[in-house]
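Architecture at a glance
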Amino acid sequence: MSIRGLHRERTTTSPSALAPTFVPALWSLALTVVVLGPLFTSHGYLLLRDAVSTPRSYLTDSALGLSDAAARAVPQDALLAWVTTVVDGGVAVTALLAASLWAAGVGAARLVSVLLPGAGVPPQVVAATVAIWNPYVGERLLQGHWSLLAGYAALPWVVCAAVAVRRRSGGGWWALAFWLAVAGLTPTGVLLAATTTVVVLAMPGGRAPRVGRLAGAVALTVAVSAPWLVATALSGGGTEADPAGVSAFAARAEPLLGTIGSVAGLGGIWNAEAVPGSRTTPWALVGTLLLLVVVASGLPSLWRRRRNPVIVALAVVAVVAVLGTALGATAAGLQLGEWAMVHVPGAGLLRDTQKWVALAMPLYAVAAAAGVGALRRHFTPDRARSDIAWAALAVVVVVGALPDLAWGVGGHVRPVRYPDGWQQVAGIVTANEGDVAVMPTGMFRRFDYSGPVAVLDPTPRMLRADVLQTGTLIVEGGAVEGEGARAVDVERLLQGGADPSDLAARGVGWVLVQHGTPGDHGRSEKTLDRLTQVYSDNDLSLYQVDGAWVRETSGRSVVILAHLLLILVMVVGAAGMLGVRLRARISKLLGVLADLLRRDPGKQA
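Residues numbered from 1 in each chain as written. Predicted model: local features only at pLDDT ≥ 70, side-chain atom pairs only at ≥ 80, totals over all residues. Heavy atoms only, no water.

Some details on the environment of Thr197
As a reminder, the rule being used: Helix and strand assignments come from DSSP, with helices taken as H or I runs of at least 4 residues and strands as E runs of at least 2, each series counted from the N terminus. Only protein chains enter the calculation, and the probe is 1.4 Å; a residue is then buried if its accessible area is under 20% of its type maximum, exposed if over 50%, and partly exposed in between. The contact definition used throughout considers only heavy atoms, calling two residues in contact when any of these lie within 4.5 Å. Contacts described as polar in this section are N or O atom pairs within 3.5 Å, which, within protein, must combine one atom able to donate a hydrogen with one able to accept it, while residues neighboring in sequence count only if both atoms come from side chains.
Residue position: Thr197 is located in helix H9 (residues 187-202). Assessed through its relative accessible area of 2%, Thr197 is described here as buried. In this structure the C-alpha to C-alpha distance between Thr197 and Ala161, which are 36 residues apart in sequence, comes to 8.5 Å. Setting aside residues no more than four positions away along its own chain, Thr197 makes contact with Val158, Leu176, Leu180 and Ala217. Among the polar contacts listed, one links the side chain of Thr197 to the backbone oxygen of Ala193, at a separation of 2.8 Å.

Okay, here's the thing in structure tokens:
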């Protein structure tokens, strides 16, 4: 890299540029409250499509990823099981979700201070707005992917940490460890953060050797991925995937946009029902154009900084993410994805291709911030006032592009209250008398108290015992087969009215029947009539199966150690960042004291 290019990278990451400001933090908090308002104003539990929070979760084999299903919710479920021993599950999920959105905004503002030194507070506020207020956040909230947003929030922070690592700046590795661990709440989250980190660190230049910094990033990624990597290795679950999932979960074209326009506007989730109402109308085109105009206004300014390898890295990641996601929805892309599902172990983790559009967020935020300065230079000479004016205009445009993100995405993201029967059943079912089978069949339910949309069955997160689930997902145009072979076998027995001894032989100790939700019961009444009913009300009926074989799961201690490794990386990273900050404060204080002691007593008088 040229001396000039190295100088550019150094000047964009000066220590003064890293000084935090409270204005973007307060603004990010305000936006978070506006988006998640219903969760703050009433107590309850998030139960919306894939999002399930319960009063208490338990450290079952499924929570640890030790089942025949893919470890998609690892380590999220295990961490919630530990947290809910001291904090109510509804409070915990709301707090984690709010922290994620707030961190995304503050992280975007910090990234601007790193890459655009001297930009000031107004551009940082614009960056925070773009990071929080966009279709990706809205669609993932409606789909119930609250934990994925932790990985999304970590993206600007890992870029800042990677810049510090490149410069051998104090605290870089500590920060990188912490934010990779935060992203590690889900497998997809850590892959998003790791991809961004590796690309930034792989770019030429910087003071730290490239091989060393890449090796360190890979080692940290493996460490924070240990929970789901170890669980998958021990259980073998999720190594195969139904090729039908590729087309079912491909990015989707929104009105008047096409697939490329939808994903370029940070939208295009596969589920047409999990979108804000404005994205189902021609306003989708208008809103996308408004967002992209704000982003495009700063691209010429970033082009002039193209010697900065970090900005180039963010641009490459964004372009590949948008184009790759769009191409994945073409005939050739679908064919390649279906081949991967069959021949590449673990490829099912990649089937929801629109998730990867999150990688474009750091560039979008920085470009939108750069646009404030560009507009001021072109139209108004007074920096102080015009920066505020142009930033305010950009904020209004971004918010107006998706007006129904406010208040729980139009009121859809709101807490629910479980009927009392759930707590009664949770108190009866034990962890050492067999697994739980659930009727009706299927993984999704429609309860009166949860609203009109299908929600993931809360039973696995409500009970101490493992709950058998097939993993089969019903989507538009058919079904995507899951990995739960044992659950499929048990469902077949129940639907056929099998003898209870057949259930007991397969490790089933309980059968929970949920009333008031559509689904196939088959001839299960024939089996239930021969079981002992231990609880029943208008919502739930619980039956016990005598003589159930209790299976022994090997590897629990190893997987728990893998989870503890993730927690250790997070704690050590946080402690390291705090130590660096304290040392900096102490050094500054000592410097001030030294200056006072060196003063001339005569001048002081």
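Quick word on the sheet that holds strand S3 (residues 415-416)
The line we're drawing: Pairing between two strands is assigned when DSSP locates at least 2 bridges connecting them.
One open sheet holds the 3 strands; their spatial order is S2-S1-S3, and the pairing between them is antiparallel. Two strands in the sheet have a free side with no partner beyond their single neighbour: strand S2 (51-52) and S3. As judged from the 2 bridges shared by strand S1 (residues 45-48) and S2, these two strands associate in the antiparallel manner. Bridge pairing in S2 links Leu48 to Ala51.

Brief notes about the packing of aromatic side chains
Put simply, the test is: The criterion for an aromatic pair is that two Phe, Tyr or Trp rings (for Trp, the six-membered ring) have centres within 6.5 Å, with stacked assigned to planes under 30 degrees apart, edge-to-face to planes over 60 apart and tilted to the rest.
Enumeration over the complete set of coordinates arrives at 9 aromatic pairs. Ring geometry for Phe178 versus Trp179: centroids 5.0 Å apart, planes at 85°, classification edge-to-face. Its relative accessible area of 17% is what places Phe178 among the buried residues. An angle of 40° between the planes, with centres 5.6 Å apart, marks the rings of Phe379 and Trp390 as tilted. Of this pair, Phe379 sits in helix H18 (residues 361-379) while Trp390 is found in helix H19 (residues 383-401), placing the two residues 11 residues apart along the sequence. Within the aromatic cluster, the residues linked to one another by ring pairs are Tyr45, Tyr418, Trp422, Phe447 and Tyr449.

Side note on helix H17 (residues 331-343)
Convention followed: Multiply 1.5 Å by the residue count of a helix minus one, and that product is the helix's expected span. Within this analysis, the arc is defined by the directions that extend from the helix axis to the C-beta atoms.
The end-to-end C-alpha distance of H17, which contains 13 residues, comes to 19 Å, matching closely the 18 Å that a straight helix rising 1.5 Å per residue would cover. All of the buried residues along H17 are Gly333, Leu334, Gly337, Ala340 and Met341. For H17, the angular spread of buried residues about the axis comes to 120°, placing them on one side. Within H17, the exposed residues directed more than 90 degrees away from the buried face are Ala331, Ala332, Gln335, Leu336 and Val342.

Quick notes on the confidence of the model for the protein
Caution applies to low-pLDDT regions: their predicted coordinates should not be interpreted in detail. Quick reminder of the rule: Confidence of the predictor in every single residue is expressed as pLDDT, which spans 0 to 100.
The predicted model of the protein averages 92 in pLDDT, with 94% of residues at 70 or higher. For residues 1-8, every residue scores under 50 in pLDDT, and the model assigns this stretch 14 contacts once sequence neighbours within four places are set aside. Here residues 10-20 scores under 50 on pLDDT; set against residues more than four positions off or in separate chains, the count is 18 contacts.

Quick notes on the side chain of Glu139
The following threshold applies: A residue counts as positive if it is Lys or Arg and as negative if it is Asp or Glu; His and the chain ends are not included. Salt bridges are defined by distance alone: a side-chain nitrogen of Lys or Arg within 4 Å of a carboxyl oxygen of Asp or Glu.
Note on placement: Glu139 falls in helix H6 (residues 135-143). It is Arg279 that comes nearest to the buried, bridge-free Glu139 among opposite-charge side chains, at 4.3 Å. With residues near it in sequence (within four places) discarded, Glu139 still touches Glu254, Gly267, Gly268, Ile269, Ala274, Val275, Pro276, Arg279 and Gln354.

A few points about a nonpolar patch on the surface
Just so we agree on the cut-off: Candidate patch residues must exceed 30% relative accessible area and have no salt bridge, after which like charges are joined if within 9 Å and Val, Leu, Ile, Met, Phe, Trp or Tyr side chains if within 5 Å. For the area figures, the Shrake-Rupley method with a 1.4 Å probe applies, and any residue is considered shielded solely by the protein chains shown.
Where nonpolar side chains cluster on the molecular surface, the patch consists of Leu578, Leu582, Ile586, Leu589, Leu590, Val592, Leu593 and Leu596 and spans about 740 Å² of accessible area. With respect to the helices and strands, the residue Leu582 is situated in helix H26 (residues 556-598). On the basis of relative accessible area, Leu582 is assigned to the partly exposed category, the value being 46%.

Let's talk about the packing of helix H8 (residues 172-183) against helix H10 (residues 210-224)
Counted only if it meets this: Only the stretch in contact is used when fitting a helix axis, every axis being a line fitted to C-alpha atoms; angles between N-to-C directions are given from 0 to 180 degrees. Two helices crossing with the near one rotated counterclockwise from the far one by less than a right angle form a left-handed crossing, whereas a clockwise rotation gives a right-handed crossing. Throughout, the ten residues Ala, Val, Leu, Ile, Met, Phe, Trp, Tyr, Cys and Pro are labelled nonpolar, Asp, Glu, Lys and Arg are labelled charged, and all others, Gly among them, are labelled polar.
Between H8 and H10, whose axes approach to 9 Å, the crossing angle comes to 35°. Once H8 is placed against H10, the crossing between them reads as right-handed. Along its contact with H8, which presents Trp173, Leu176, Ala177, Leu180 and Ala181, the element H10 presents Gly212, Arg213, Gly216, Ala217, Leu220, Thr221 and Val224. Broken down by class, the residue content of the contact of H8 with H10 amounts to 8 nonpolar, 3 polar and 1 charged.

Regarding the pattern of salt bridges
If the charged atoms of two oppositely charged side chains come close together, the side chains can form a pair. Using the criterion set out here, one finds 15 salt bridges in the structure. Salt-bridge contacts for Arg556 lead to Asp61; the nearest nitrogen and oxygen are separated by 2.7 Å. Residue Arg556 is located in helix H26, and its partner Asp61 is located in the loop between S2 and helix H3 (76-83); the two are separated by 495 residues in the primary sequence. Arg445 is the partner of Asp457 in a salt bridge, and the nearest nitrogen-oxygen pair spans 3.6 Å. Remark: Arg445 occurs in strand S5 (residues 444-445) and Asp457 occurs in the loop between strand S6 (455-456) and helix H22 (459-462); sequence separation between them is 12 residues. For the pair Asp457 and Arg445, a shared accessibility class is recorded, and that class is buried. Here the salt bridges share partners, and the residues they tie into one network are Asp61, Asp435, Asp466, Arg486, Arg551 and Arg556.

So, unusual backbone geometry
As a rule of thumb, non-glycine residues mostly have phi less than zero, and peptide bonds are mostly trans rather than cis. Cis geometry is adopted by the peptide bond preceding Pro75, which originates at Val74 and carries an omega value of 5°. In the segment running from Met439 into Pro440, the intervening peptide bond is cis, with an omega of 0°. Within the fold, Pro440 resides in the loop between strand S4 (435-439) and S5. A positive phi angle, near 55°, is found at Trp407, a position not held by glycine. For Trp407, the position within the fold is in helix H20 (residues 406-411). The phi torsion at Val409 lies on the positive side, around 50°, for a residue other than glycine. Relative to the elements of secondary structure, Val409 occurs in helix H20.

Let's talk about the sheet that holds strand S9 (residues 508-514)
Spatial strand order, S4-S9-S11-S10: 4 strands in an open sheet with mixed pairing. Every interior strand has two partners, whereas the edge strands, S4 and strand S10 (532-536), have only one. Taking each pair of neighbouring strands and ignoring which way they run, the sheet shows an average axis angle of 25°. Looking at chain direction, S9 and strand S11 (residues 540-544) are connected through 5 bridges and run antiparallel. Looking across to S11, one finds that Gln514 is bridged to Leu540.

A look at the packing of helix H11 (residues 226-235) against H26
Under the convention used in this document: Note on terminology: angles under 35 degrees are roughly parallel, angles over 145 are roughly antiparallel, angles of 65 to 115 are roughly perpendicular, and the others are oblique.
Direction vectors running N to C along H11 and H26 enclose 165°, while the axes themselves pass 8 Å from each other. Relative to H26, the element H11 lies roughly antiparallel. In the packing of H11 onto H26, the handedness of the crossing is right-handed. Where H11 abuts H26, its residues Ala226, Pro227, Val230, Ala231 and Leu234 lie against Val558, Val559, Ala562, His563, Leu565 and Leu566. Each residue belonging to the contact of H11 with H26 can be placed in one class, and the counts come to 10 nonpolar, 1 polar and no charged.

Description of H6
Across the 9 residues that make up H6, a large majority, 9, are buried. For H6, the full list of buried residues reads Pro135, Tyr136, Val137, Gly138, Glu139, Arg140, Leu141, Leu142 and Gln143. Where H6 ends, the next residue or the one after it, Gly144, has phi of about 90°, a positive value.

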